[in-house]
Amino acid sequence: MASWRHRIGLSYQLWRAQDGLADYYAELSQVLKKDSLAGIPLVAIDLEMTGLNAQIDQIISVGIVPIEQQRLQMAGAEHRLVAINGSVGQSATIHGIVDRQLQQDVMSQQEMLHWLLQQTYGKLMVFHHGMLDITFLSKLTEQVFNRPLHLPIIDTLQIEQRRVMRDRHVIEHGSLRLAACRKRYKLPIYVAHNALIDAAACGELFLAQTAFNAWSKQPLDDYLFWF
């Protein structure tokens, strides 16, 4: 079972939340009753945005990859585009998504939030640099549920930062980027950059970070970070 600080923290968020967000927190609280990673359904997630400022930029795509029994479940992977107000601008050079791709058959920002909460219901979310993604999602939950999103997640960047500090005591510039972290575990290089590939890359990194011990022996507390 996760420690009292995680369970009390989530209970407080559940008490303050209403409607769908309260249901989401209630189901997540059941996950925190598990003793270890074993048996906990996980889902690796990546968001692509028009920029890094959640106050002015918008989410344009989301990729998810379920993780079960220490394996990526690519059959359940999904990649969705999200409508925005305005243009993707220069961000297209990063994610390769152009304006015409967002003009039809895409979800609205609010629809994407409901969809993502449904896809991750009763699961623990896994991000690389989760603070950025949660900040953007939190902006949407404030619009839809009148509450920010505040919950424990797994963050492969935070896990790696802790390990690098323990081994070297110094964090070199760029050493915690997803590609740099993957390189230390001799994981393959993915040239293409989109939300689905990055979600899979994040999921693989987490499997590599936890490969040395059976998940049944790894306390859940060791991997929980709040944003």
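Everything in this summary refers to the structure shown in the same document. (Residues numbered from 1 in each chain as written. Predicted model: local features only at pLDDT ≥ 70, side-chain atom pairs only at ≥ 80, totals over all residues. Heavy atoms only, no water.)

Next up on the list: the packing of helix α4 (residues 109-119) against helix α5 (residues 130-145). Where α4 contacts α5, the two axes come as close as 10 Å, and the packing angle between them is 100°. Taken together, the axes of α4 and α5 are roughly perpendicular relative to one another. Contacts between α4 and α5 involve Gln 109, Gln 110, Met 112, Leu 113, His 114, Leu 116 and Leu 117 from the first element and Leu 137, Leu 140, Thr 141, Gln 143, Val 144 and Phe 145 from the second. Residue composition of the contact of α4 with α5, grouped by class: eight nonpolar, five polar and no charged. (Axes fitted to C-alpha atoms, helices over the stretch in contact; angles between N-to-C directions. Helix = DSSP H or I, 4+ residues; strand = E, 2+ residues; numbered from the N terminus. Parallel < 35°, antiparallel > 145°, perpendicular 65-115°, else oblique. Contact = heavy atoms within 4.5 Å. Nonpolar A, V, L, I, M, F, W, Y, C, P; charged D, E, K, R; others polar.)

Residues in a regular strand point their side chains to alternate faces of the sheet. Counting buried positions along strand β1 (residues 42-49) gives eight out of eight residues, so the element sits mostly inside the fold. Inspection of the sheet shows β1 paired to strand β2 (residues 59-68) by eight bridges, in the antiparallel sense. Bridging from a neighbouring strand, Leu 47 pairs with Val 62 of β2. One ladder, built from three bridges, connects β1 with strand β5 (residues 124-127); its direction is parallel. (Buried < 20%, exposed > 50% of the residue type's maximum accessible area, 1.4 Å probe, protein only. Pairing = 2+ DSSP bridges.)

Bringing the state of the cysteines into the picture now. Applying the stated criterion across every chain yields a total of zero disulfides. As a non-bridged cysteine, Cys 181 has Cys 202 as the owner of its nearest cysteine sulfur, 9.9 Å distant. Relative accessible area serves as the criterion here: at 0%, Cys 181 is assigned to the buried category. (Disulfide = S-S within 2.5 Å.)

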